[in-house]
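# Chain and residue survey
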Number of protein chains: 2
Amino acid sequence: MSTPHARLSINQATLKYASLPEALEVTADAGITSIGLWRDSVQAQTLPEAARLLAGSGLRFSSLCRGGFFTVPEGAARRAAMDDNRRAIAETATLAAAGAAGSAPVLVMVAGGLPQGSRDIAGARVRVQEALAELAPEALAAGVTLALEPLHPMYASDRAVLSTLKQALDLASDFSPAAVGVVIDTFHVWWDPDLQAQIVRAGAEGRIASYQVCDWRTPLAADVLLSRHYPGAGIIDFEAITRAVQDAGYAGDVEVEIFNQEIWDTAPAEVVTQTVESFDDHVAAHLRTGIRR
Amino acid sequence: MSTPHARLSINQATLKYASLPEALEVTADAGITSIGLWRDSVQAQTLPEAARLLAGSGLRFSSLCRGGFFTVPEGAARRAAMDDNRRAIAETATLAAAGAAGSAPVLVMVAGGLPQGSRDIAGARVRVQEALAELAPEALAAGVTLALEPLHPMYASDRAVLSTLKQALDLASDFSPAAVGVVIDTFHVWWDPDLQAQIVRAGAEGRIASYQVCDWRTPLAADVLLSRHYPGAGIIDFEAITRAVQDAGYAGDVEVEIFNQEIWDTAPAEVVTQTVESFDDHVAAHLRTGIRR
């Protein structure tokens, strides 16, 4: 097995069925030095216990997935969503402090889809803006960056009304880059004719909070959420996108985040090995190694 | 059954298993006055015979689907594709001349996906530009408009590297609007945060050659190509998009184009009835009635 690249981070979604202790162990055992965590797995124990486990692993923490889902209009459901985002901000701050040096206090934000029965995507997008205005000062105070993740437009109705990097940067522009940044996930943005220009802009504006990689291949899985693949298994040009992100100044961890039933059904240690190799073959060559925070 | 709206056109794909004579008959019998045709169905007879059938139906011809698929690099396959596009231009001119007054000499162009084994979407997009440069003068000479159709980004790898209205308009900008226009299909563009601005631009530049409607609903069909629904069955805001297209000056036919196995398995006469009613309920109210060509 190759020595893992110094900037490789395993996003825990890639190891969906592993508990937090298992995910930390298999990642560290492979020589990988960073991990991105998911809230459901963190919340399977108390937050102090999760932080203790993370600290004990010696791994960097590269992000927490995920906040957001705040497209519903004002009312009890929206207030519950906002309170949940506040908890996610606190979790992010705690975990970033518990991780090894170079950990990133980044909370990945998925906007949410159209509210039930709604056809008003423009309105839903305004709700996202309003939610950010409410949460950004609190994130800033907690030292956490809300990282807006544009999702592929095939998820625009039921998962994220935020669909392009330009749209994410436009939304972020009302706020300090320390409070609101963006996630660039190859799977979601590879098709965008405006991608290169918007990556340059994201770098110039200091907004790139996370870079996530996985591949796109057709036919899509019957559940399109599970259509993600190891880098190199599909058609994404990782050289073009990775060099652009690198040249835009992003020097942090690079997460491999894969939702794929076949990969989830594979033993986590084997998945980690495959991840290291596909990252080495298709992404690592286009990265400099130093982690700068 | 309602009286069909004067600008409603049935795109033949909605009646996939009907032959050309059957599609013409069921459309005219319902009182619909326009139809968009598909090449496979036209080519099931000679072109003069297809033109004679169309003329006999008394229907307007609103478009021919489709040309394009020209992302392959130079060589025999590309030459074959270009020749096929030339035949499609000739078919469009013949059919538009055979249709009733108000027929539109519009050839819908689907760009094509990545060539087999390629990860170079930027290169594929250049191939589209080069193909247009070759074909646009010939289309202009034939009195035919090549109507570039941006397809939803979920088809960007295997069907159309042309993914947004802005991208289509940028490509078209090298050519006369009489030679190269755009198709606005609600299913493909509803999610685009830049949609309203680009519809305004498309109108100002005289580029709107066709407006097609159908709805988006999740979960997507296992074959994502077949995820299209009657207007009103999903989440698209037909009022916002239709008013924008109308306000941008488009006064032509509005095609209902649905790929959906359940609808294809329904008797064509019943599909036409459903189409008339869903169009009436969700699209017609936002249109003026006059056809202006």
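## Comments concerning the sheet that holds strand β2 (residues 34-38) of chain A
Across a sheet, paired strands are connected by hydrogen bonds in the backbone, their directions being either parallel or antiparallel. All names here are of chain A. Reading around the circumference, β1-β2-β3-β4-β5-β6-β7-β10 is the order of the 8 strands in this closed barrel, with parallel pairing throughout. With direction set aside, neighbouring strand axes in the sheet form an average angle of 30°. One ladder, built from 4 bridges, connects strand β4 (residues 106-110) with strand β5 (residues 145-148); its direction is parallel. In the sheet register, V106 faces β5, and the bridge partner there is T145.

## Considering the interface of chain A and chain B
With 29 residues of chain A at the interface, the matching set in chain B holds 29 residues. Of the roughly 2,300 Å² buried where chain A meets chain B, counting both sides, 62% is carbon and sulfur surface. Taken together, the connections running from chain A to chain B amount to 0 salt bridges. Applying the counting criterion to the chain A and chain B interface returns 11 residue pairs in polar contact (both at pLDDT 80 or more). For the side of chain A that touches chain B, the residue count by class is 14 nonpolar, 10 polar and 5 charged.

## Digging into the pairing of strand β7 (residues 208-213) of chain A
Side chains on a regular strand alternate between the two faces of the sheet. All names here are of chain A. Taking burial as the measure, the 6 residues of β7 include 6 buried ones, the bulk of the element. For strand β6 (residues 180-185) and β7, the ladder comprises 4 bridges, and the chain directions are parallel. Bridge pairing in β7 links V182 to I208. Across 3 bridges, the pairing between β7 and strand β10 (residues 254-256) is parallel. Opposite Q212, over in β10, you have E255 as the bridge partner.

## Points about helix α6 (residues 165-172) of chain B
All names here are of chain B. α6 sits mainly inside the fold: 6 of its 8 residues count as buried. Every buried residue of α6 is accounted for by L165, Q167, A168, L169, L171 and A172. Its buried side turned inward, α6 meets α5 (121-142), β5 (145-148), β6 (180-185) and α8 (195-204).

## Details of the packing of aromatic side chains
Any two aromatic rings considered together are summarised by their centre-to-centre distance and by the angle between their planes. Evaluated as defined, the whole model comprises 11 aromatic pairs over all chains. Judged by centre distance (5.6 Å) and plane angle (45°), the ring pair of W190 of chain A and W216 of chain A falls under tilted. Here W190 of chain A is found in the loop between α7 (186-189) and α8 (195-204), whereas its partner W216 of chain A is found in strand β8 (residues 215-216), with 26 residues between them in sequence. The two residues W190 of chain A and W216 of chain A agree in class, both being buried. Considering the side-chain rings of F187 of chain B and W216 of chain B, the 5.1 Å spacing of their centres and the 45° angle between planes classify their relative orientation as tilted.

## With respect to the relation of the copies chain A and chain B
Of the transformation superimposing chain A on chain B, the axial component is 0.0 Å and the angular component is 180°, with the fit at an RMSD of 0.0 Å. Taken together, the rotation and translation describe the operation of a two-fold axis. When C-alpha positions in chain A are compared against the rotation axis, the closest is assigned to A222 of chain A, at 2.2 Å. A high fraction, 100%, of the interface residues of chain A reappear at the interface in chain B, so the copies pair face to face through one surface.

## What to know about the nonpolar core
Ranked by size, the top nonpolar core spans 200 residues in total, and within it M154 of chain A together with M154 of chain B carry the most contacts. Contact partners of M154 of chain A, with chain neighbours within four places excluded, come to F187, W216, L220 and V224 of chain A together with H152, M154, W216 and L220 of chain B.

## Observations concerning unusual backbone geometry
All names here are of chain A. Cis geometry marks the peptide bond from T218 to P219; its omega dihedral reads 0°. Take P219: it is sitting in the loop between β8 and β9 (228-229). The phi dihedral of F69 is positive, around 50°, even though this residue is not glycine. Mapped onto the elements, F69 comes out in the loop between β3 (60-68) and α4 (76-98). Residue classification places F69 among the partly exposed residues on the basis of a relative accessible area of 35%.

## Considering the packing of helix α1 (residues 20-29) of chain A against helix α3 (residues 47-57) of chain A
When two helices pack together, their arrangement is captured by the angle between the axes and the distance separating the axes. All names here are of chain A. Contact geometry of α1 with α3 gives a least axis separation of 10 Å together with a crossing angle of 10°. Here α1 lies roughly parallel to α3, going by the angle between them. Residues L20, P21, L24 and A28 of α1 form the contact with α3, whose own contacting residues are A50, L53, L54 and S57. In terms of residue class, the contact of α1 with α3 is made up of 7 nonpolar, 1 polar and no charged.

## Observations concerning the environment of A221 of chain B
Residue and element names in this part refer to chain B. Note that A221 resides in the loop between β8 (215-216) and β9 (228-229). A relative accessible area of 27% means that A221 is categorised as partly exposed. For the pair A221 and R207, spaced 14 residues apart in sequence, the C-alpha to C-alpha distance is 32 Å. Contacts of A221, omitting those with residues within four sequence positions, involve L226 and S227.

The rules behind each value
- Residues numbered from 1 in each chain as written.
- Chains lettered and ligands numbered in written order.
- Predicted model: local features only at pLDDT ≥ 70, side-chain atom pairs only at ≥ 80, totals over all residues.
- Heavy atoms only, no water.
- Pairing = 2+ DSSP bridges.
- Helix = DSSP H or I, 4+ residues; strand = E, 2+ residues; numbered from the N terminus.
- Axes fitted to C-alpha atoms, helices over the stretch in contact; angles between N-to-C directions.
- Contact = heavy atoms within 4.5 Å.
- Buried area = accessible area lost by both parts, 1.4 Å probe.
- Salt bridge = Lys/Arg side-chain N within 4 Å of Asp/Glu carboxyl O.
- Polar contact = N/O pair within 3.5 Å; in protein donor to acceptor, adjacent residues only side chain to side chain.
- Nonpolar A, V, L, I, M, F, W, Y, C, P; charged D, E, K, R; others polar.
- Buried < 20%, exposed > 50% of the residue type's maximum accessible area, 1.4 Å probe, protein only.
- Phe/Tyr/Trp six-rings, centres within 6.5 Å; stacked < 30°, edge-to-face > 60°.
- Least-squares fit on C-alpha atoms with pLDDT ≥ 70 in both.
- Core = buried A, V, L, I, M, F, W, Y, C linked by side-chain atoms within 4.5 Å.
- Parallel < 35°, antiparallel > 145°, perpendicular 65-115°, else oblique.

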